[in-house]
Amino acid sequence: ENAQLKDIISHAKEYGFVFPSSEIYDGLQAVYDYGQMGVELKNNLKNLWWKSMTQLHQNVVGIDASIFMHPLTWKASGHIDSFNDPMIDNKDSKKRYRADVLIEEKAAQYEADGHYDKASELLVEMGKLLGAEELDAVRDLIIRENIKCPISGTTNWTEVRQFNLMFSTQVGSVAEDSSTIYLRPETAQGIFVNFLNVQKTGRMKVPFGIAQIGKAFRNEIVARQFIFRMREFEQMEMQFFVRPGTEMEWYNTWKENRKKWHEAIGIPADSLRYHDHEKLAHYANAAVDIEFKFPFGFKEVEGIHSRTDFDLTQHQELSRKKLQYFDNDLNEEGKPYGNYIPYVVETSVGADRLFLMTLCSAYTVEEITEGEQTKTRTFLKLHPALAPVKAAILPLTKKDGLPEKATEIFDSLKYDFKTIYEERDSIGKRYTRQDLIGTPFCIAVDHQTLEDNTVTVRDRDSREQVRMPISELHSYIDKAVNF
Ligand code: ATP
């Protein structure tokens, strides 16, 4: 199965989707750059999300907060004290692991072998020990389960230590003025601290949401699986502020809404599933992940969490500013509790994981027969709304006025769609190149075009060609790329 991930990684590199960061220096672990095709795909994903949040919902508005925040933010949110992962080193290989991940992998192995009870017992035991911060007992568990280092094959483990995932740096140039600040590990806090600014200036009435797209940073202990787990990544979060007591209703609404969204961008329903959290974070009263079937198994893409009033209450306490909402409707109903701190339901998805999911789901290798021959064809079956390039305009030859005609078509489409003009190589090779980057339509300009202003449009998925007037191209593409 991981052979498929390898193919996808090399495809992503070869066709300009994702490059290792600073590759000429042999890369930087768990950091990646998006190339000329990748940035288009990622922007399309982000724009669709943004639109579906802030345009399709009257009561959701966006903000763009800074990465740096006042250090007390992270005290209030609990990140300074408890945004930790339990870390363990193998003394022989000198490799570092997440103790919980080692145990989870063991449980997955039990499950694969049909020992479901053993698997869940192990997970429950781990949850209890970690919850109680009994780190020595976590190590004992690893030894008892005979969990070996994947590299050295030994069980020569160090003690388990908590490792804080936040990156810190100094702000201020003079030593005595400088203070430690953090790169935000989640975008959510930028929304919480702006809650009243947005509510008041936007005259928002509960229930309402604030959406944001932005970078987040985590010093992940083990960074593996390509862009699935990175140290610098992008989050798309929406915090929805509701009346206390209505949070479960909204939690269920957003849970359904978000899964439907993933299906709408072209992810097959049977590759998606919900996974309820066994162990809730300190701030949550309900939490579920939407998981996608990656080549390395079902893994989280998005989290939906009912965060209660934890964050706003904490910020109210540390900032000593009232973060309450005056609910006029409740007041008019004669209820005495018109002033309250709203509860929060959040949806939190990683743009990069979404990208990887989209790529894994779109990557298609099929057998095709051409005459007597069978061969394989690789293409990206991306929803046209997501495709980096919507149409390629291809003059059949480089002479007879075909390039000029094709350029004219390019110019008529370029204001509304990302299109490319390509005249090099045989038409077959050009079709193949477009398949590999997922372009839904190839528009071929031939001699007949000069006579009757019609072109052929080749469909990426069926490889079928239809002839149509140039004047119809715009609405044809528009219909397909609309989401
Ligand atoms: P995980 O359990 O995989 O570490 P998490 O539960 O800590 O993830 P959240 O804090 O809920 O993740 O973050 C919300 C979303 O942000 C995740 O669903 C994921 O899509 C994305 N995300 C979190 N950490 C990373 C990372 N290191 N690299 C890429 N995306 C990430």
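Quick notes on the rules
- Residues numbered from 1 in each chain as written.
- Predicted model: local features only at pLDDT ≥ 70, side-chain atom pairs only at ≥ 80, totals over all residues.
- UniProt positions renumbered as here; feature names shortened; annotations may be inferred.
- Pairing = 2+ DSSP bridges.
- Helix = DSSP H or I, 4+ residues; strand = E, 2+ residues; numbered from the N terminus.
- Axes fitted to C-alpha atoms, helices over the stretch in contact; angles between N-to-C directions.
- Contact = placed C-beta atoms within 7 Å.
- Near = placed C-beta within 6 Å.
- Nonpolar A, V, L, I, M, F, W, Y, C, P; charged D, E, K, R; others polar.
- Domains from an automatic or database assignment.
- Buried ≥ 20, exposed ≤ 12 C-beta atoms within 10 Å, placed from the backbone.
- Arc of directions from axis to C-beta.
- Core = buried A, V, L, I, M, F, W, Y, C linked by C-beta atoms within 7 Å.
- Expected span 1.5 Å × (residues − 1).

Per an unreviewed UniProt entry, the protein is named Glycine--tRNA ligase, and its organism is Pontibacter amylolyticus. As stated in UniProt under Function (unreviewed entry), the record for the protein gives "Catalyzes the attachment of glycine to tRNA(Gly)."

(A) Broad picture of the sheet that holds strand E3 (residues 60-62). Here seven strands make up an open sheet; going across it, the order is E3-E9-E10-E16-E13-E12-E11 and the pairing mixed. Each edge of the open sheet is held by one strand with a lone partner, namely E3 and strand E11 (272-276). Taken pair by pair, the neighbouring strands of this sheet meet at an average axis angle of 25°, ignoring direction. As paired elements, E3 and strand E9 (residues 208-217) share three bridges and run parallel to each other. In the strand pairing of E9, Val61 is matched with Ile210. Each of strand E10 (232-242), E11, strand E12 (286-294), strand E13 (297-308) and strand E16 (343-350) is contacted by helix H10 (residues 247-264), which is oriented at about 150° to E13, the strand it contacts most.

(B) Quick look at the site of the ligand. Residues in close proximity to the ligand total 16 residues, the closest being Phe233, Gly303, Ser348, Gly350 and Arg353. Looking at the shell around the ligand, the elements with two or more residues in it are E10, E13, E16 and helix H13 (351-362). In terms of residue class, the shell around the ligand is built from four nonpolar, four polar and eight charged.

(C) Quick look at the sheet that holds strand E21 (residues 441-445). Strands sit in the order E20-E19-E21-E22-E23 across an open sheet of five strands; the sheet is mixed. The sheet is open, and its two edges are formed by strand E20 (419-421) and strand E23 (465-469), each paired on a single side. Across the sheet, the axes of successive neighbouring strands diverge by a mean angle of 25°, strand direction being ignored. Here five bridges tie strand E19 (residues 391-395) to E21, and the two strands are oriented parallel to one another.

(D) The environment of Ala264, seen in detail. Here Ala264 is to be found in helix H10. Residues Ala264 and Phe483, 219 residues apart in the sequence, show an inter-C-alpha distance of 7.9 Å.

(E) Up close: the domain arrangement of the protein. Under the domain assignment used here, the protein contains domain 1 (2-83 + 167-359) and domain 2 (389-481). A straight line from the C-alpha centre of domain 1 to that of domain 2 covers 39 Å.

(F) Inspection of helix H17 (residues 473-481) at higher detail. Where H17 is concerned, the buried positions are Leu473, Ile477 and Val481. Taken end-on, H17 shows its buried residues confined to a sector of 50°, consistent with a single buried face. For H17, exposure combined with an orientation more than 90 degrees from the buried face picks out Ser475 and Lys479. If you follow the buried residues of H17, they end up packed against E19, helix H14 (402-413) and E21.

(G) Representation of the nonpolar core. Counting 68 residues, the largest nonpolar core has Ile227, Phe240, Phe355, Leu356 and Leu359 as the members making the most contacts within it. Excluding its chain neighbours within four sequence positions, the residues that come into contact with Leu356 are Phe226, Ile227 and Phe228. Residues Ala391, Leu402, Phe441 and Ile443 belong to the second largest nonpolar core, which totals 19 residues.

(H) Broad picture of the pairing of strand E22 (residues 454-459). Summarising the sheet, E21 and E22 pair through four bridges and their orientation is antiparallel. Note that in E22 the partner of Cys442 across the bridge is Arg458. In the sheet, E22 pairs with E23 via five bridges, with the strands oriented antiparallel. Bridge pairing links Arg458 to Gln465 in E23. Linking E22 to E23, which pair antiparallel, is a turn of five residues; within it Arg463 sits at a positive phi near 60°.

(I) Here's a closer look at H10. Taking 1.5 Å of rise per residue, 18 residues should cover 26 Å, and H10 covers 25 Å from first to last C-alpha, within 8% of that figure. Contacts made by the buried residues of H10 are with E10, E11, E12, E13 and E16. Gly266, located one to two residues past H10, shows a positive phi value of around 105°.

(J) Representation of the UniProt feature "binding site: substrate" (unreviewed entry) in the protein within the structure. The residues that UniProt annotates with the feature "binding site: substrate" (unreviewed entry) are Arg98, Glu186, Phe233, Glu234, Gln235, Met236, Glu237, Glu346, Thr347, Ser348, Val349 and Gly350. Across 253 residues of sequence, these annotated residues are also dispersed in space, with a maximum C-alpha separation of 26.5 Å. Ignoring anything within four residues of it in the chain, the contact list for Phe233 reads Ala216, Gly350 and Asp352. As for its position among the elements, Glu237 is in strand E10. Those residues in contact with Glu237 that sit more than four places away from it in its chain are Thr187, Ala188, Gln212, Glu346, Thr347 and Ser348.

(K) Region of the structure containing the environment of Tyr283. Looking at where Tyr283 falls in the secondary structure, it is placed in the loop between E11 and E12. Residue classification places Tyr283 among the buried positions, given that 20 C-beta atoms sit within 10 Å.

(L) Here's a closer look at unusual backbone geometry. A cis amide bond links Val206 with the next residue in sequence, Pro207, at an omega value of 5°. Locating Pro207 in the fold gives a position in the loop between helix H9 (195-201) and E9. Phi at Asp26 is positive, roughly 75°, even though this residue is not glycine. With respect to the secondary-structure elements, Asp26 resides in the loop between strand E1 (18-20) and strand E2 (32-34).

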